[in-house]
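Examination of the molecular architecture
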Amino acid sequence: MVTTTLSSKAIRRIVKELQQLQQSPPEDIQTIIDDENISEIQAWIRGPDGTPYEGGFFKVKLQIDEGFPDTPPKGYFLTKIFHPNVSETGEICVNTLKKDWKSELGIEHVLLTIKCLLIVPNPESALNEEAGKLLLEHYEDYAKRARLYTSIQATFGKNEFTALSQDRSSVLKPLSNTTPVSPIVSNKKRPQEQQENIKEDQPQIKKLKIKKNDKKRALRRL
């Protein structure tokens, strides 16, 4: 049962997007599906390589209200992180979730934008002023603090991220490796049709037998 004040149009769109995210998850992102409450979407984002967040797994939440998709969801980090665009309470500040939002943008776009923030923070719209100042003036100090937070706060999500990834791979794998059912196997369900096919093939089988007998006689003559 879905407990939400979303419109039926918004629900259909969210369900469709969540199905797509399950079938084709973006790189380094695993979405947590909760059929009981699709107005709150949670996901794990793996810290991008080469950043101070490498090795971490960050849980985020998108809160969707009744105005979606005309209004953007609100984004939060549930995992503690040291980042210019994330407040102490986890609120995310990014233009995609504010002035640059368009109704055609979807959940996947938002999650990818949050992932990009881990690669390229924007100190100009900092919610964490200390992180923003360090990023601009003393990058090494900023990176050191961000790595420390990552090592302490963001390593616990690896197991869940990996489990979600493996579960989806196991579900999708049989679909990609499905082999067509041979006509002979499928005809077992239709014995009468199979017998008719055998009768039609009998002249061809006789011809093959005749050819084989002719070959044997030729070999005897040699």
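Bear in mind that the values here come from a model prediction, so they are computed numbers and not experimental data.

Turning our attention to the packing of helix α3 (residues 129-137) against helix α4 (residues 139-153). For the pair α3 and α4, the least separation of the axes is 6 Å and the interaxial angle reads 135°. Taken together, α3 and α4 sit at an angle that is classed as oblique. Here Glu 130, Ala 131, Leu 134, Leu 135 and Glu 137 of α3 lie close against α4, whose contacting residues are Tyr 139, Asp 141, Tyr 142 and Arg 145. Taken together, the residues of the contact of α3 with α4 sort by class into five nonpolar, no polar and four charged.

Turning our attention to α4. Helix length check: α4, at 15 residues, gives a terminal C-alpha distance of 21 Å against a target of 21 Å (1.5 Å per residue), a fit within 8%. Considered for burial, the residues of α4 that qualify are Tyr 142, Ala 143, Ala 146 and Thr 150. Projection of α4 onto a plane perpendicular to its axis shows the buried side chains occupying an angular sector of 95°, all on one side. Facing away from the buried side of α4 by over 90 degrees, the exposed positions are Glu 140 and Lys 144.

A few words now on the UniProt feature "active site" (unreviewed entry) in the protein. What UniProt calls "active site" (unreviewed entry) maps, in this numbering, to Cys 93. With respect to the secondary-structure elements, Cys 93 resides in the loop between β4 (74-77) and α2 (107-119). If we skip the residues at most four places from it in the chain, Cys 93 touches Asn 85, Lys 98, Leu 117, Ser 125 and Leu 127.

Moving on: the environment of Pro 84. Here Pro 84 is to be found in the loop between β4 and α2. When its relative accessible area of 0% is taken as the criterion, Pro 84 is described as buried.

Take helix α1 (residues 8-23) next. In a regular helix each residue adds 1.5 Å, so 16 residues correspond to 22 Å; α1 covers 23 Å between its end C-alpha atoms and thus fits that length. Buried within α1 are the following residues: Ala 10, Ile 14, Glu 17, Leu 18 and Leu 21. All buried residues of α1 project into a common sector of 100° when viewed along the axis, lining one side. The exposed set on the far side of α1, more than 90 degrees from its buried face, consists of Lys 9, Arg 12, Lys 16 and Gln 23. In the core, the buried residues of α1 are packed alongside β1 (29-32), β2 (40-46) and α2.

The four strands are arranged β1-β2-β3-β4 in an open sheet whose pairing can be described as antiparallel. Because the sheet does not close on itself, it has two edges, and the strands there are β1 and β4. Between one strand axis and the next, the sheet turns through 25° on average, direction left out of account.

So, about the side chain of Asp 28. Mapped onto the secondary structure, Asp 28 falls in the loop between α1 and β1. The buried category is assigned to Asp 28, whose relative accessible area is 14%. Within the local environment of Asp 28, its side chain forms a polar contact with the side chain of Lys 115, the two groups lying 3.3 Å apart. Setting aside chain neighbours within four positions, we find Asp 28 in contact with Trp 44, Ile 45, Arg 46, Lys 115 and Phe 161.

Attention shifts here to the pattern of salt bridges. Under the counting rule described, the total for this entry stands at six salt bridges. Across the pair Asp 28 and Arg 46 runs a salt bridge, and its minimum N-O distance is 2.8 Å. Remark: Arg 46 occurs in strand β2 and Asp 28 occurs in the loop between α1 and β1; sequence separation between them is 18 residues. The residue Asp 28 makes a salt bridge to Lys 115 at a minimum N-O spacing of 3.3 Å. Note that Asp 28 is positioned in the loop between α1 and β1 and Lys 115 in helix α2, a separation of 87 residues in sequence.

So, on to the packing of aromatic side chains. Scanning the entire structure with this criterion turns up seven aromatic pairs. Measuring from centroid to centroid gives 5.9 Å for Tyr 53 and Phe 58, while their planes differ by 80°, and the two rings are edge-to-face. Each member of the pair, Tyr 53 as well as Phe 58, is classed as buried. Seen in terms of ring centroids, Phe 58 and Phe 77 are 6.2 Å apart; in terms of plane orientation they differ by 80°. Their pairing is edge-to-face. With a gap of 19 residues between them, Phe 58 in strand β3 (residues 57-63) and Phe 77 in strand β4 connect regions that are remote in the sequence. Here Phe 58 falls in the buried class, since its relative accessible area comes to 0%. Phe 77 gets classed as buried once you look at its relative accessible area, which sits at 5%. Every member of this aromatic cluster is reached through a ring pair, and the members are Phe 82, Tyr 139, Tyr 142 and Tyr 149. Over the ring of Tyr 76 we find Lys 61, and its NZ or CZ is 5.1 Å from the ring centre. Lying across the ring of Phe 82, Arg 145 places its NZ or CZ 4.9 Å from the centre.

Procedures and definitions
Residues numbered from 1 in each chain as written. Predicted model: local features only at pLDDT ≥ 70, side-chain atom pairs only at ≥ 80, totals over all residues. Heavy atoms only, no water. Axes fitted to C-alpha atoms, helices over the stretch in contact; angles between N-to-C directions. Helix = DSSP H or I, 4+ residues; strand = E, 2+ residues; numbered from the N terminus. Parallel < 35°, antiparallel > 145°, perpendicular 65-115°, else oblique. Contact = heavy atoms within 4.5 Å. Nonpolar A, V, L, I, M, F, W, Y, C, P; charged D, E, K, R; others polar. Expected span 1.5 Å × (residues − 1). Buried < 20%, exposed > 50% of the residue type's maximum accessible area, 1.4 Å probe, protein only. Arc of directions from axis to C-beta. UniProt positions renumbered as here; feature names shortened; annotations may be inferred. Pairing = 2+ DSSP bridges. Polar contact = N/O pair within 3.5 Å; in protein donor to acceptor, adjacent residues only side chain to side chain. Salt bridge = Lys/Arg side-chain N within 4 Å of Asp/Glu carboxyl O. Phe/Tyr/Trp six-rings, centres within 6.5 Å; stacked < 30°, edge-to-face > 60°. Lys NZ or Arg CZ within 6 Å of the ring centre and 35° of its normal.

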